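# Structure assessment
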Amino acid sequence: MSKAELLQAWHDHLAIGQRKSPHTVRAYHKAAEGLLTRQELTDWPEVATLTATRLRTHMASRRAEGLANSSAARELSALKGFIAFARAQAGHGVTDPPRMRGPRIKKGLPRPVTPDDATALAETVETMAGEAWTGARDRAVLLLLYGAGMRIAEALSLTADVLPLGERLTVTGKGGKQRVVPILPIVSEAVANYVRQCPWPLSTGEPLFRGAKGGPLSQGMVQKATARARKALGLPDTATPHALRHSFATHLLGAGADLRSLQELLGHASLGSTQIYTQVDAAKLLETYRTAHPRDRD
């Protein structure tokens, strides 16, 4: 069996079988290609017999090349998945990957998702829902978080009094502080679509977003739906509902929004809370520089 055939099978498993995002498929494919090349592997049984010792040696050589902790953790995860897939292909009774702990990663800055991934999350929670109306509901909630920068608690505290949504909405945030947030047409349409399908009467003063039995929708249900969607898309664990609020802030700042305006939109009591997004944007800028600048790749 050729290396190309092994990699094609792995690619199809990720892209079709697990519905990973194109970015994840590329990264996992590259990690597997490096392992096959360095270890001179050409069939599933050979990959399947890789031990933790050999995998640890491979990762040590990758770290010696300058692979950072976060990148090493992602690559190790990809390779463990690849070996588990190989063991299944080879017909092993045990398909678990070698037991090997990844590098410890320090908690860093908020991790925004890309605009495409934010949209994909909203679309996927809808398609994966058990019922059409709960899918429309979850999509509407996530679009409120990304489109208006709302906290999940703020979105779930909305009542039917806000209907129909206009171009702006008054939101009550932490400490009872009110602010006005913009409502994009796609967000307004998503909420209207949910309202049309909701089987429960949305009376004045009653919660806008309802659970399956008609009570207020809980944060836990939204978080579970998002977790299922990000797993299907191959997104990292940091792609949470709150990450959509981070993404709203980061993308606006990257597009030229000033900090004071962003502070008002997010409902931050102090400008210091908003300034963290300048670090996020600077981190993205540095990453782009390191990827694109020819001198940095020498």
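Residues numbered from 1 in each chain as written. Predicted model: local features only at pLDDT ≥ 70, side-chain atom pairs only at ≥ 80, totals over all residues. Heavy atoms only, no water.

If you check an unreviewed UniProt entry, the protein appears there as Tyrosine recombinase XerC from Qipengyuania profundimaris. UniProt annotates the protein under Subcellular location (unreviewed entry) with the comment "Cytoplasm". According to the UniProt record, the Subunit (unreviewed entry) comment for the protein reads "Forms a cyclic heterotetrameric complex composed of two molecules of XerC and two molecules of XerD." (UniProt positions renumbered as here; feature names shortened; annotations may be inferred.)

## With respect to the overall build of the protein
Counting its secondary structure elements, the protein contains 13 helices and two strands. Long-range contacts, defined here as pairs at least 24 residues apart, represent 61% of the contacts in the protein between residues at least 6 apart. (Helix = DSSP H or I, 4+ residues; strand = E, 2+ residues; numbered from the N terminus. Contact = heavy atoms within 4.5 Å.)

## Side note on the pairing of strand β2 (residues 178-182)
Judged by which residues are buried, β2 turns out to be one-sided: R179 and V181 face inward and are buried, whereas Q178, V180 and P182, on the alternate face, are not. Where strand β1 (residues 168-172) lies against β2, five bridges are found, and the strand directions are antiparallel. The residue bridging T170 from the neighbouring strand is V180, located in β2. Where β1 hands over to β2, the hairpin turn is made up of five residues, of which G175 adopts a positive phi near 70 degrees. (Buried < 20%, exposed > 50% of the residue type's maximum accessible area, 1.4 Å probe, protein only. Pairing = 2+ DSSP bridges.)

## A closer look at the confidence of the model for the protein
Here the protein averages 82 in pLDDT, while 82% of its residues score no lower than 70. The low-confidence segment residues 293-298 (pLDDT under 50) makes five contacts with residues lying over four places distant or belonging to another chain. (pLDDT = per-residue confidence, 0-100.)

## Observations regarding helix α1 (residues 3-17)
In a regular helix each residue adds 1.5 Å, so 15 residues correspond to 21 Å; α1 covers 20 Å between its end C-alpha atoms and thus fits that length. Every buried residue of α1 is accounted for by L6, L7, W10 and L14. With its buried residues spanning 95 degrees around the axis, α1 presents them on a single face. When the buried face of α1 is taken as reference, the exposed residues oriented beyond 90 degrees from it are A4, I16 and G17. Buried positions along α1 lie against α2 (22-39), α3 (44-48) and α5 (69-89). Just past α1, the residue R19 takes up positive phi, approximately 55 degrees. (Expected span 1.5 Å × (residues − 1). Arc of directions from axis to C-beta.)

## Things to note about the environment of A120
Assignment of secondary structure puts A120 in helix α6 (residues 115-128). Taking the C-alpha atoms as reference points, A120 and L233, 113 residues apart in sequence, are found 7.9 Å from one another.

## Digging into the pattern of salt bridges
Counted under the stated rule, the structure contains nine salt bridges. R62 is the partner of E75 in a salt bridge, and the nearest nitrogen-oxygen pair spans 2.8 Å. With E75 in helix α5 and R62 in helix α4 (residues 52-64), the pair connects residues that are 13 residues apart, well separated along the chain. For the pair formed by E75 and R62, the shared burial category is buried. (Salt bridge = Lys/Arg side-chain N within 4 Å of Asp/Glu carboxyl O.)

## Quick notes on the nonpolar core
Counting 41 residues, the largest nonpolar core has L144 and F209 as its most contacted members. If you list the elements that add at least two residues to this core, you get α6, α7 (132-148), α8 (152-156), β1, α9 (185-197) and α10 (219-233). With sequence-adjacent residues up to four places away left out, F209 is seen in contact with R137, A140, V141, L144, A155, L156, L158, Y194, G215, P216 and L217. Grouped together as the second largest cluster of nonpolar side chains are 27 residues, L7, L41, L55 and I83 included. (Core = buried A, V, L, I, M, F, W, Y, C linked by side-chain atoms within 4.5 Å.)

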